[in-house]
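Fold and geometry: a report
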Amino acid sequence: MAFRSHPSHLPLDNDSSTRFLPSIVALMVALLTFSIVGLAALHDSVGKWSGQIEGSLSIQVPPTRMAERNPEEREQALQVTVDNIIDQLSGISGIARIEELSPETMSALLEPWLGPDEVVSELPIPRIIEITPETGFNFDMLERRLGEIAPEAVLDDHRIWIERIADVAFSVELALTALIIVLFGATMLSVVFATRSGLSIHRTIIELLHLIGAQDSYIAGQFARHNLRLAFFGALIGLLIALPISGLIAWLGLRAGWPIPSLVFSPLFIGIIIAIPFVVAGVAQMTAKRTVLRVLRRML
């Protein structure tokens, strides 16, 4: 009913706000949509990264005090240490899988930086043991046990990286949330300015309407319906601009090997995106009505 054309005694379609308001709302809603999509993608991606990191541990067994040995003796000594670590730790509860990263895999990983396998085999490269822990695993206990078995070995449980990623992600999410609030506030301020401009332009007609018995609520309703249509039209344009560009960015990300966050396909996210024009239009309607009523009390 609010979008249906109503007879009006105010020529609101002829003033400058009719051209200004949809344009500024379209720009703000486009930026607002980009921010919401970015916030959802960041939140989803950080959750996946944290899950992947938390689901794996690694133990580095460096060739401490073995650099002076020939490659064959060094590898034999390292293998004995690695086998002993695996045997001792495999009996600890909470470890789902423990195995050594094969020398062939290590060579393949290092070849782009260090050259062919022949060069890698001559270097004192540490051995890597991969561990897949179960939920609720005691990392401190594993670290103490490893120190007893092989003091030279280093346990990398990635917790420091998880904390850093979480801190950075939380800061960026706060910044995006603040940006969304600022954009929404700027959109509503544009509605206020456009409404005040319309009131100034049509002041003479408004005074005349008051003289023939028009109530403030009637005049406020005229402005509210007018701004509702303009804001909805502008928000719809902004959404239609933002979604194809977001889709293009997602397609480019897929080509670069970045998966599309699963959160953007959730019903909640889709519902939020679809609701943006309706929310912006509804708030614009209420903002315009309250602005008109407040200004009319001072004008007349």
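Residues numbered from 1 in each chain as written. Predicted model: local features only at pLDDT ≥ 70, side-chain atom pairs only at ≥ 80, totals over all residues. Heavy atoms only, no water.

1. Examining the overall build of the protein
Worth spelling out the cut-off: Only DSSP runs of H or I reaching four residues or more are called helices, and only runs of E reaching two or more are called strands; each is numbered from the N terminus. Only protein chains enter the accessibility calculation, which uses a 1.4 Å probe; a residue is then buried when its area is under 20% of its type maximum, exposed when over 50%, and partly exposed in between. Residue contacts are counted whenever heavy atoms from the two residues lie within 4.5 Å of one another. Values of accessible area rely on a 1.4 Å probe in the Shrake-Rupley scheme; residue burial ignores everything except the protein chains shown.
Within the protein one finds nine helices and four strands. Order of helices (α) and strands (β) in the protein, N terminus to C terminus: α-β-α-β-α-α-β-α-β-α-α-α-α. In the protein, which comprises 300 residues, the proportion classed as buried is 39%. Within the protein, counting contacts between residues at least 6 apart in sequence, those at least 24 apart form 85% of the total. When the accessible surface of the protein is split by element, carbon and sulfur atoms take 64% of a total near 17,100 Å².

2. Considerations on the pairing of strand S1 (residues 57-61)
The line we're drawing: A pair of strands is labelled paired if DSSP reports no fewer than 2 bridges between them.
For S1, the tally of buried residues reaches four of five residues, placing the bulk of the element in the interior. Relative to strand S3 (residues 127-133), S1 runs antiparallel, the two sharing five bridges. Pairing of valine 61 across the sheet is with arginine 127, part of S3. Direction of pairing for S1 relative to strand S4 (residues 154-156): antiparallel, over a ladder of three bridges. Considered in S4, the bridge of serine 58 is made with aspartate 156.

3. Regarding the packing of aromatic side chains
What counts is decided by this rule: Any two of the Phe, Tyr and Trp rings considered here, Trp counted by its six-membered ring, make a pair once their centres fall within 6.5 Å; the pair's planes then place it as stacked at under 30 degrees, edge-to-face at over 60, or tilted in between.
Tallied over the entire structure, the rule returns one aromatic pair. On the basis of an interplanar angle of 55 degrees and a centroid distance of 5.2 Å, the ring pair of phenylalanine 232 and phenylalanine 278 is categorised as tilted. Residue phenylalanine 232 is found in helix H8 (residues 216-255), and its partner phenylalanine 278 is found in helix H9 (residues 267-299); the two are separated by 46 residues along the sequence. Phenylalanine 232 gets classed as buried once you look at its relative accessible area, which sits at 18%.

4. Remarks on the UniProt feature "transmembrane region" (unreviewed entry) in the protein
We count it as follows: UniProt positions are given in the numbering used here, feature names are shortened, and annotations may be inferred rather than shown by experiment.
Feature annotation in UniProt places "transmembrane region" (unreviewed entry) on residues 20-42, 168-194, 230-252 and 264-288, given in this structure's numbering. With 100% helix and 0% strand, residues 230-252 has its two end C-alpha atoms placed 34 Å apart.

5. Observations concerning the sheet that holds S3
How we decide: Simply put, an axis is a line fit to the C-alpha atoms, just over the touching stretch for a helix, and the angle between two N-to-C directions goes from 0 to 180 degrees.
Read across the sheet, four strands follow the order S2-S3-S1-S4 without closing on themselves; strand pairing throughout is antiparallel. Taken across any chain shown, the strands that pair with only one partner, and hence form the sheet edges, are strand S2 (95-100) and S4. Taking the axes of each pair of neighbouring strands and ignoring which way they run, one obtains an average angle of 20 degrees across the sheet. Relative to the sheet, helix H5 (residues 139-149) contacts S1, S2, S3 and S4, its axis offset from that of S4 by approximately 160 degrees.

6. Some thoughts on the pattern of salt bridges
The cut-off we apply is this: Salt-bridge detection follows one rule: a side-chain nitrogen of Lys or Arg within 4 Å of a carboxyl oxygen of Asp or Glu.
By the definition in use, this model includes three salt bridges. Among the salt bridges present, the one from arginine 97 reaches glutamate 99, with a minimum N-O distance of 2.7 Å. The exposure class assigned to arginine 97 is partly exposed, which follows from its relative accessible area of 33%. On the basis of relative accessibility, which here comes to 40%, the residue glutamate 99 falls in the partly exposed class.

7. Thoughts on a nonpolar patch on the surface
The condition that has to hold: Residues enter patches when their relative accessible area tops 30% and they take part in no salt bridge; the joining distance is 9 Å for like charges and 5 Å for the nonpolar side chains Val, Leu, Ile, Met, Phe, Trp and Tyr.
Judged by side-chain polarity, Phe233, Ile237, Ile241, Ile245 and Ile249 come together as a nonpolar surface patch covering roughly 440 Å² of accessible area. Checked against the element boundaries, phenylalanine 233 lands in helix H8.

8. Examining a positive patch on the surface
Inclusion rule: Positive charges come from Lys and Arg, negative ones from Asp and Glu, while His and the chain ends are left out of the count. The atoms used to mark charge sites are NZ of Lys, CZ of Arg, CG of Asp and CD of Glu.
On the surface, a cluster of positive charge is contributed by Arg196, Arg290, Arg294, Arg297 and Arg298. The biggest single contributor to the positive patch is H9, with four residues. Relative to the assigned elements, arginine 196 resides in helix H6 (residues 159-201).

9. Here we look at the nonpolar core
In globular proteins that are soluble, nonpolar side chains generally tend to be buried together. Worth spelling out the cut-off: By convention a nonpolar core is built from buried Ala, Val, Leu, Ile, Met, Phe, Trp, Tyr and Cys residues, the set being connected through side-chain atoms within 4.5 Å.
Core analysis: the largest hydrophobic core is formed by 25 residues, its most contacted members being Ile36, Phe269, Ile273, Ile276 and Val280. Secondary-structure elements contributing two or more residues to this core are helix H1 (17-54), H6, H8 and H9. Discounting chain neighbours no more than four positions away, the residues touching valine 280 are Val25, Val29, Phe184, Thr187, Met188, Ala231 and Ala235. Core analysis: the second largest hydrophobic core is formed by 21 residues, Val61, Val82, Ile129 and Phe137 among them.

10. A few points about the environment of leucine 21
In this fold, leucine 21 is placed in helix H1. Counting along the chain gives 212 residues from leucine 21 to phenylalanine 233, while the straight-line C-alpha distance between them is 9.6 Å. Residues contacting leucine 21, with those up to four places away along its chain left out, are Ser190, Val191, Ala194, Asn227 and Leu230.

11. Re H5
What counts, and what does not: Of all possible arcs, the one meant is that of the directions from the helix axis to the C-beta atoms.
By the burial criterion, the buried members of H5 are Phe139, Leu142, Leu146 and Ile149. Seen end-on, H5 carries its buried residues on one side only, within an arc spanning 85 degrees. Facing away from the buried surface of H5 by more than 90 degrees, the exposed residues are Arg144 and Glu148.

12. Describing the environment of isoleucine 206
Looking at the secondary structure, you find isoleucine 206 in helix H7 (residues 203-211). In this structure isoleucine 206 comes out as buried when scored by relative accessible area, which is 0%. Considering only alpha carbons, one finds isoleucine 206 and leucine 296, 90 residues apart in sequence, at a separation of 9.1 Å.

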